Amino acid sequence: MTDLWNYLKTVNKPVVLYGMGNGADKTVARLQADGVKISGVFSSSGFKKNKTYAGHTLKDYESLKNELGDMIILVCFGSHLSEVIDNVKKLADENELYMPDVPVAGEVIFDIQFAKNHKEQLKSVYEKLADSHSKKVFENTVMFKLTGKPEYLFEIETSRDEVFDILNLTDNEVFWDLGAYNGDTVAEFSNNVKTYSSIVAVEPDKRNFKKLMENTSKLGDIQCINAAISDKKGIQLMSANHGRGNSTDKNMIEIETISLKEISDIVFPTYIKIDIEGNEIKAIDGGDSVIKKWAPKMHIACYHTPFDLFEIPLKILNEVPDYKVYMRHHPCFPAWDINYIFIK
């Protein structure tokens, strides 16, 4: 088979971008490297008139469709909002539409050559998955990354509630929320586990941390830490842009880092959620002794870099070989909100 990038080299239809931002920048860089011409850019309603991107004046969909006719749309942003997902499905009914899979962190793209280079690791993880749906999620995730076809994602969506069915949390959980954002996943946990032992919530972004403190102020037995998770205690540079992501940009600030080992000196975990924008491997490296000793239930994002798909489960299983490994994807595009779940 081929991948989306090689396919786009062969098409005669005009190729247009839907959306801008970091994902679009990486898509444009790959298209330019491959010699693929971009024929236009459009955005959702409310875009700024006369704004330009990738050498094109930003237009609305209807104008670009009238101008170009039969075209290929590359969706260059992500969303979990149902109305946005429905709009993308509508566009896909009217056009040839793809979602290029570019990494949230780093520059390496999961293309056909990447898949070939890591075939054995991918196969090893697939064989270790605990149920048929996890295998389906894995298969479709790989196919989506290679082809950019959104139907591979839509086929494997499940609700977030199912994760708690798999985790089977008890009334005595010690929850570590690593990448706690504004407290949304702390709230999700506390809504599903009415009685718990304690919570440690770690968030690096100062504005998000302030919201985290406000949104969790009525909860008991919670400690919030303003730091980034890494493999050791220290200092790292982080983007000053606010939001769930902390990808590299020109406006960088220093932030303290903390490892799983240091957090375990506060309290040992029974359940850990890790969603830290590409630092998941570093977190595991700095917490291998914690994972091996306590074998906590874990919910780990695996979509920030193409390596996460196989490096995360293989590293975890190296410490606790008898973990059962599940994989789930929740409504969202592109291949975001894909997570591994580890339980004994």
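Scope of this entry: the structure provided in the associated data block. Per-chain numbering applies: the sequence of each chain, read as written, is numbered from 1 onward. Only residues with pLDDT of 70 or above have their local features reported here, since the model is predicted, and side-chain atom pairs are shown and tallied only from 80 upward, although totals for entire chains, interfaces and linings are computed over all residues. Each side-chain value is derived from all of the structure's non-hydrogen atoms; neither hydrogens nor water enter the calculation.

1. Observations regarding helix H6 (residues 119-128)
Residues separated by three or four positions in an α-helix point in the same direction, a consequence of the helix having 3.6 residues per turn. Stated formally: Under the scheme applied here, a residue whose accessible area is under 20% of the maximum for its type counts as buried, over 50% as exposed, and between as partly exposed, the area being computed with a 1.4 Å probe on protein chains only. To qualify as a helix, a DSSP run of H or I must reach at least 4 residues; to qualify as a strand, a run of E must reach at least 2; elements of each kind are numbered from the N terminus. Our arc is simply the arc of the directions from the helix axis toward the C-beta atoms. Two residues qualify as a contact provided that any one of their heavy atoms is within 4.5 Å of a heavy atom in the partner residue.
Where H6 is concerned, the buried positions are Leu122, Ser124 and Val125. Burial along H6 is one-sided: seen end-on, the buried residues are contained in an arc of 160°. Those residues of H6 that are exposed and aimed more than 90 degrees away from the buried face are Lys119, Glu120 and Glu127. Its buried side turned inward, H6 meets helix H5 (112-117), helix H7 (132-147), helix H15 (308-319) and strand E16 (338-343).

2. Brief notes about the packing of aromatic side chains
In plain terms, the rule: In summary, the pairing rule links any two rings of Phe, Tyr or Trp, Trp by its six-membered ring, whose centres are within 6.5 Å, and it sorts them by plane angle into stacked for under 30 degrees, edge-to-face for over 60 and tilted for everything else. When the NZ atom of lysine or the CZ atom of arginine is within 6 Å of a ring's centre and also within 35 degrees of its normal, the charge is said to sit over that ring.
Taken as a whole and judged by the stated rule, the model has 17 aromatic pairs. Arranged with centres 5.5 Å apart and planes meeting at 50°, the rings of Phe42 and Tyr61 form a pair that is tilted. Of this pair, Phe42 sits in strand E2 (residues 40-42) while Tyr61 sits in helix H3 (residues 61-68), and the two are 19 residues apart along the sequence. Of the two residues, Phe42 and Tyr61, both sit in the buried class. Relative to Phe333, the ring of Phe77 lies with its centre 5.5 Å away and its plane at 70°, an arrangement referred to as edge-to-face. Of the two residues, Phe77 sits in the loop between strand E5 (72-75) and helix H4 (82-94) while Phe333 sits in the loop between strand E15 (324-329) and E16, which places them 256 residues apart along the sequence. Through a chain of ring-to-ring contacts, three or more aromatic side chains come together here, namely Tyr18, Phe42, Tyr61, Phe77 and Phe333. Sitting over the ring of Tyr126, Lys135 keeps its end group 4.5 Å from the ring centre.

3. Let's talk about the side chain of Asn95
We apply this condition: Pairs of N or O atoms within 3.5 Å make up the polar contacts considered here, provided that, within protein, one atom can donate a hydrogen while the other can accept it, and that residues adjacent in sequence are counted only when both atoms are side-chain atoms.
Along the chain, Asn95 falls in the loop between H4 and strand E6 (96-98). The buried category is assigned to Asn95, whose relative accessible area is 8%. At a separation of 2.7 Å, a polar atom in the side chain of Asn95 contacts the side chain of Lys65. Among residues more than four places away in sequence, those in contact with Asn95 are Tyr61, Lys65, Met71 and Ile73.

4. Points about the sheet that holds strand E10 (residues 228-229)
Adjacent strands of a sheet pair through backbone hydrogen bonds, lying either parallel or antiparallel. Stated formally: By the convention used here, strands pair only if DSSP detects at least 2 bridges between them.
If you trace the three strands from one edge of the open sheet to the other, you get E10-E12-E11, paired in mixed fashion. Bordering the open sheet on either side are E10 and strand E11 (234-239), each of which pairs with just one other strand. When E11 meets strand E12 (residues 252-258), the two strands line up antiparallel, connected through six bridges. Bridge assignment links Met238 to a residue of E12, and that residue is Ile253.

5. Quick word on the pattern of salt bridges
Put simply, the test is: Here, a salt bridge means any Lys or Arg side-chain nitrogen found within 4 Å of an Asp or Glu carboxyl oxygen.
Enumeration according to the criterion identifies 17 salt bridges in this entry. For Asp70, the salt bridge identified is with Lys13, shortest N-O distance 3.6 Å. On the criterion of sequence distance, the pair formed by Asp70 in the loop between H3 and E5 and Lys13 in the loop between helix H1 (4-8) and strand E1 (15-18) is long-range, its members being 57 residues apart. Beyond isolated ion pairs, a larger network of salt bridges with shared partners links Lys13, Asp70 and Glu96.

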